[in-house]
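If you want the building blocks of each chain, they are given just below.
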Amino acid sequence: IVLHNKEYIYHTIIDISDKVQSEKMFKDADERLKTTLLSVGEGVVVTDEHSRITLINQKALSLIGKYDLIERRRIFDVFRIYSNQSTKNFEDLFNECLSNNVVFRSDNTFSLLKNDTDQEIFIDFTISPINTEHGFNHGAILVLRDITIEKERQEEIRFMSKHDYLTNLYNRFNFEQELMRLDTERQLPLSLIIGDINGLKLVNDAYGHLEGDKLIKVVAEIFKKATRSEDIVARWGGDEFAILLPQTSLEEASAV
């Protein structure tokens, strides 16, 4: 600068130690977060405010199958997630979370199609918006988990709770539930066939219970083939069976 026809050099010194330290701490925290997201057991996908993928871990990659050039693609163009029980598709759900700044947690009705094989797997997932303290949107984090095995086990448990373990026919409890459900005027006439296997005790005593079990299975298969899909065939217990025939007259039941 020039003062009174003389030139001077003006220096400004600013202490940025706190700023450098803050940036270092932020960078360290960011690296730790990134390392954590990449190593967790669930699939994790991070997007920017335009729904483009900026980070994806190995688990998420394994869930969607082979896919080229994932980063910077829109998340709903890569992840084929859908539900037969929801009117909203995945793109609508994702954009709604960003717009309304709300977290979405799925129920057990969502599936994901792998991109390379079209294999369907059941998933649970959450969509969490990323916002600053001033409310600016910075994208979202999708965390998803494969629950196919859990779903299959639930279905298996549900099936076993209603069916006889040996014959796969309805068990007595479920038969009685179906009887109450079908005992309506619309299902009349309602016919019932009850019977047992003659000589099962003799077979068990002479040849062993494994042979007796085979006989029970053969009888169960005969009942299945002789009845309609809407008929209820149950193992009442031991050697006893019951068949419930909705909208069936005495003559039709006798023919069965």
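Residues numbered from 1 in each chain as written. Predicted model: local features only at pLDDT ≥ 70, side-chain atom pairs only at ≥ 80, totals over all residues. Heavy atoms only, no water.

This paragraph deals with the environment of V40. Within the secondary structure layout, V40 lies in the loop between α1 (17-39) and β3 (43-47). When the C-alpha atoms of V40 and Q58 are compared, they prove to be 9.2 Å apart, with 18 residues separating the residues in sequence. Setting aside chain neighbours within four positions, we find V40 in contact with N57 and K59. (Helix = DSSP H or I, 4+ residues; strand = E, 2+ residues; numbered from the N terminus. Contact = heavy atoms within 4.5 Å.)

Quick look at the packing of aromatic side chains now. For the structure shown, the criterion picks out eight aromatic pairs. Between the aromatic rings of F175 and W236, the centroid separation amounts to 5.5 Å while the plane-to-plane angle is 85°, which identifies the pairing as edge-to-face. With F175 in helix α6 (residues 172-182) and W236 in strand β11 (residues 232-237), this residue pair connects regions lying 61 residues apart in the sequence. Of the residues examined, F175 reaches a relative accessible area of 2% and is grouped as buried. (Phe/Tyr/Trp six-rings, centres within 6.5 Å; stacked < 30°, edge-to-face > 60°. Buried < 20%, exposed > 50% of the residue type's maximum accessible area, 1.4 Å probe, protein only.)

As a further point, take the environment of N171. Locating N171 in the fold gives a position in the loop between α5 (148-162) and α6. Here the alpha-carbon distance between N171 and F241, two residues 70 residues apart in the chain, equals 9.5 Å. Non-local contacts of N171, meaning those with residues more than four positions away in its chain, are made with M160, S161, K162, H163, D164, A234 and R235. Reaching out from N171, the side chain makes a polar contact with the backbone nitrogen of N174 at a distance of 2.9 Å. (Polar contact = N/O pair within 3.5 Å; in protein donor to acceptor, adjacent residues only side chain to side chain.)

What follows deals with the side chain of S51. Structurally, the position occupied by S51 is in the loop between β3 and β4 (53-56). Not counting chain neighbours up to four residues away, the residues in contact with S51 comprise R73, R74, I75, F76, F94, N95 and L98.

On to the nonpolar core. Formed by 27 residues in total, the largest nonpolar core has its most connected members in F79, F90 and F125. Contributions of two or more residues to this core are made by β4, α2 (58-64), α3 (75-78), α4 (90-100), β7 (110-113), β8 (120-131) and β9 (137-146). For this core, the element with the most residues is α4, which contributes five residues. Apart from residues lying up to four places away in sequence, F125 is in contact with I81, F90, F104, R105, S106, F110, L142, V143 and L144. Core analysis: the next-biggest nonpolar cluster, separate from the first, contains 11 residues, L166, A220, V233 and L245 among them. (Core = buried A, V, L, I, M, F, W, Y, C linked by side-chain atoms within 4.5 Å.)

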